[in-house]
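Survey of secondary and tertiary structure
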Amino acid sequence: MATGQLFSKTTQALFYNYKQLPIQRMLDFDFLCGRETPSVAGIINPGSDGFQKLFFGQEEIAIPVHPTIEAACNAHPTADVFINFASFRSAAASSMSALKQPTIRVVAIIAEGVPESDAKHLISYARANNKVIIGPATVGGIQAGAFKIGDTAGTIDNIIQCKLYRPGSVGFVSKSGGMSNEMYNTIARVTDGIYEGIAIGGDVFPGSTLSDHILRFNNIPQVKMMVVLGELGGKDEYSLVEALKQGKVQKPVVAWVSGTCARLFKSEVQFGHAGAKSGGELESAQAKNQALREAGAIVPTSYEALESAIKETFDKLAEEGKISPVAEITPPPIPEDLKTAIKSGKVRAPTHIISTISDDRGEEPCYAGVPMSTIIEQGYGVGDVISLLWFKRSLPRYCTHFIEICIMLCADHGPCVSGAHNSIVTARAGKDLVSSLVSGLLTIGPRFGGAIDDAARYFKDACDRGLTPYEFVEGMKKKGIRVPGIGHRIKSRDNRDKRVQLLQKYAHTHFPSVKYMEYAVQVETYTLSKANNLVLNVDGAIGSLFLDLLSGSGMFTKQEIDEIVEIGYLNGLFVLARSIGLIGHTFDQKRLKQPLYRHPWEDVLYTK
């Protein structure tokens, strides 16, 4: 694997299993480094395609999404790094698929816990085909000022503090991703920063070893010294010991193996990583540190002394003229996300939608301030939910029960009315539920259901102005307007609408006042003197009784009542109720597997 550096300022990657934050952090790092092209060429999300919108500096860009690894590699032949964010269950299969693509050179496996047999198989294939694996269980790696993998080095603030936006002179390799972030800070404090940093991962069988990367760093002219952070468990560090003894590394190596505290425990100790498990004496941190020291590495006496050892080594190289410290530059500021800026109080952004009836931002949704748990636990009904979402208040139980009665009584009126007929015909045409429902709802208007609003408006106006039934009806006649809520094609004086009788009985029993209902009955008495079928229909009953509900409950101002009637709340009640029946007719036709409807020609008058 020796060769040279893995990445450059033009390196591009394919990102497997879409994760918004790690990708955006890569793009922010690109912008910070002054890259001309984003480092993420494409995203692979199995079964999906299209684009994902992300930011490159202040510019919003669309990164292609591909359904398969093969499709992504074909579409982006210059992308040679595969960043695998798959879970441990599928990481091995997807990584092997990537390794088999001729365009892929480096595979970074983020998942922990990849089965050891799978990891060995991946490593064997990669080495046989001259490819590089970083991981499993890695945070990735970074080449300062050029390219970084996923969440490597953490936040933008940490990247800037660690001077990772431009290359330094130190090559760094670690088993631990978390400790690598700490070491970037340490190295930046006492040197001119890192040139490249790699976290090989903490699993028992890493795809590449500490010595693999040290030998690479040895071949990179810009790297003047190396820092290694190992850990107890395994024998990876001994391959570095051998490389040092054999003279394969000509540059200073500062090293430390963590886990010296393991000897304080009486039993075997398992640290955070699968590979960090105290075993025999050779796998102890003390033995490894001693072996590295004897092989020629600079090994301090403790982790606390590691920073001083790095500083002394760097300063010595600078004194000898082997390092020309990198000139500092000022990186461009990364535009702050709007959500973050709003949360921190730095900006004011106008909203685009106002909602006063519900809120789903907390632990549970609320209807007009009432938590969902309260609605269920206190036995609220559909009428209570309507009162919260439509009227923004909890109405008395007699009011919400009246709403429920209206819904039940208006849910359906047989298959022959226009709305049901439309839904039936549409369902028989093979259309879906929503299309069938909407086709029926579109017939609701002044002639079918929509008379509730008009009945309420006209009855309220006439009653409030003190018009007699004669004055009201004859006045409407002069304007050429039929009285809404009066008249029925089937019902008459001697065949009353049972729904109207039920509503009137309930109101007389429970409502504090039925002023508008009584006025509507007086109007009916006058219209029946003109024709036997000019009875108060269900639209007129609901319209007038809703006026009594609003005014008699004492919970609405006159202005609120006028607004409710004007907006069309009552028609909304009919729409809600009739939707139940229209859905029922749709299901009925589909269940019966009825064929396409064709109107019989015998029922059509053909004329010129």
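Residues numbered from 1 in each chain as written. Predicted model: local features only at pLDDT ≥ 70, side-chain atom pairs only at ≥ 80, totals over all residues. Heavy atoms only, no water.

Moving on, we get to the overall build of the protein. The helix and strand tally for the protein stands at 23 helices and 16 strands. Relative to its length of 608 residues, the protein is extended, with a C-alpha radius of gyration of 38 Å against a globular reference of 25 Å. Counting only C-alpha atoms, the protein reaches 120 × 55 × 50 Å along its principal axes. Across the protein, the fraction of contacts at a sequence separation of at least 24, relative to all contacts at a separation of at least 6, is 73%. Accessible area for the protein stands at about 29,800 Å²; split by element, carbon and sulfur atoms hold 54% of it. Charge separation in the protein, taken as the distance between the mean sites of 64 positive and 63 negative side-chain charges, equals 5 Å. (Helix = DSSP H or I, 4+ residues; strand = E, 2+ residues; numbered from the N terminus. Rg over C-alpha atoms; globule rule 2.2 N^0.38 Å. Contact = heavy atoms within 4.5 Å. Areas by Shrake-Rupley, 256 points an atom, 1.4 Å probe, with all protein chains shown as cover. Lys, Arg positive; Asp, Glu negative; His and termini not counted. Charge placed at Lys NZ, Arg CZ, Asp CG, Glu CD.)

The subject of this paragraph is helix H8 (residues 236–245). Most of H8 is tucked away, with seven of its ten residues classed as buried. Taken together, the buried residues of H8 touch helix H7 (210–218), strand S12 (225–231), strand S13 (253–258) and helix H9 (285–295). Looking one or two residues past H8, Gly247 carries a phi angle of roughly 75°, positive in sign. (Buried < 20%, exposed > 50% of the residue type's maximum accessible area, 1.4 Å probe, protein only.)

Looking now at the sheet that holds strand S2 (residues 40–44). The pairing of strands in a sheet happens through backbone hydrogen bonds and is either parallel or antiparallel. Sheet architecture is open: seven strands sit in the order S3-S4-S2-S1-S5-S6-S7, paired in mixed fashion. Both outer strands of the open sheet, strand S3 (50–56) and strand S7 (132–134), are each paired with one neighbouring strand and no more. Along the sheet, successive strands turn relative to each other by an average axial angle of 25°, direction set aside. In terms of strand pairing, S2 meets strand S4 (residues 59–66) through two bridges, oriented parallel. Within S4, the position partnered with Ile44 by the bridge is His66. (Pairing = 2+ DSSP bridges. Axes fitted to C-alpha atoms, helices over the stretch in contact; angles between N-to-C directions.)

Let us now look at the sheet that holds strand S16 (residues 370–371). Across the sheet, three strands lie side by side as S14-S15-S16; this open sheet has antiparallel pairing. Bordering the open sheet on either side are strand S14 (358–359) and S16, each of which pairs with just one other strand. Relative to S16, strand S15 (residues 366–367) is paired through two bridges, and the arrangement is antiparallel. Residue Tyr367 lies in a different strand from S16, and its bridge partner there is Val370.

Let's shift gears to the environment of Ala188. By the element assignment, Ala188 lies in helix H6 (residues 177–190). Residue Ala188 is classed as buried on the basis of its relative accessible area of 4%. The sequence separation of Ala188 and Gln161 amounts to 27 residues, and the corresponding C-alpha distance is 7.8 Å. Beyond its immediate chain neighbours, meaning those up to four positions away, Ala188 contacts Gln161, Cys162, Lys163 and Gly193.

Our next topic: the side chain of Thr191. Structurally, Thr191 is set in the loop between H6 and strand S11 (194–199). Thr191 sits in the buried class, given a relative accessible area of 6%. Of the polar contacts made by the side chain of Thr191, one reaches the backbone oxygen of Ile187; its length is 2.6 Å. Here the side chain of Thr191 touches Gly193 through a polar contact of 2.9 Å, landing on its backbone nitrogen. Leave out the neighbours within four places in its chain, and Thr191 touches Lys163, Val170, Ile310 and Phe314. (Polar contact = N/O pair within 3.5 Å; in protein donor to acceptor, adjacent residues only side chain to side chain.)

Applying the stated criterion to the full structure yields one cavity of 30 Å³ or more. Volume-wise, the largest cavity comes out at about 40 Å³. Around the largest cavity, the lining residues are Val114, Glu116, Ala119, Pro136, Asp203, Val204 and Phe205. Each residue belonging to the lining of the largest cavity can be placed in one class, and the counts come to five nonpolar, no polar and two charged. (1 Å grid on protein atoms, 1.4 Å probe; cavity = no way out; pocket = protein on both sides within 12 Å on 5 of 7 lines; lining within 4 Å. Points joined across faces, edges and corners; volume = space filled by probe spheres on them. Nonpolar A, V, L, I, M, F, W, Y, C, P; charged D, E, K, R; others polar.)

Another aspect to go through is H9. Within H9 the residues assigned to the buried category are Ala285, Ala287, Lys288, Asn289, Ala291, Leu292 and Ala295. Contact partners of the buried residues in H9: S12, H8 and S13. Gly296 sits one or two residues past H9 and shows a positive phi near 115°.

This paragraph deals with a nonpolar patch on the surface. A cluster of nonpolar side chains, contributed by Leu338, Ile342 and Val347, occupies part of the molecular surface with about 250 Å² of accessible area. Mapped onto the secondary structure, Ile342 falls in helix H11 (residues 338–343). For Ile342, a relative accessible area of 41% translates into the label partly exposed. (Patch = residues over 30% accessible without salt bridge, like charges linked within 9 Å, V, L, I, M, F, W, Y side chains within 5 Å. Salt bridge = Lys/Arg side-chain N within 4 Å of Asp/Glu carboxyl O.)

Another point: the domain arrangement of the protein. By domain assignment, the protein separates into domain 1 (13–320) and domain 2 (411–592). Taking the mean C-alpha position of each, domain 1 and domain 2 sit 72 Å from one another. (Domains from an automatic or database assignment.)

So, on to the packing of H8 against H9. In helix packing, the relevant descriptors are the interaxial angle and the interaxial distance, both defined with respect to the helix axes. Where H8 contacts H9, the axes come no closer than 9 Å and their chain directions differ by 15°. As judged from the angle between their axes, H8 and H9 are roughly parallel. Considering only the axes of H8 and H9, their crossing is left-handed. Along its contact with H8, which presents Glu237, Tyr238, Leu240, Val241, Leu244 and Lys245, the element H9 presents Ala287, Lys288, Ala291, Leu292 and Ala295. Partitioned by chemical class, the residues of the contact of H8 with H9 number eight nonpolar, no polar and three charged. (Parallel < 35°, antiparallel > 145°, perpendicular 65-115°, else oblique. Left-handed = near helix turned anticlockwise from the far one by under 90°.)

Right, let's get into the packing of helix H18 (residues 469–478) against helix H20 (residues 515–528). Direction vectors running N to C along H18 and H20 enclose 65°, while the axes themselves pass 9 Å from each other. Comparing the axis directions of H18 and H20 gives the class roughly perpendicular. Handedness of the H18/H20 crossing: right-handed. For the pair formed by H18 and H20, the contact residues are Pro469, Tyr470, Phe472, Val473 and Glu474 on the first element and Tyr519, Gln522, Val523, Tyr526 and Thr527 on the second. Its residues assigned to classes, the contact of H18 with H20 comprises seven nonpolar, two polar and one charged.

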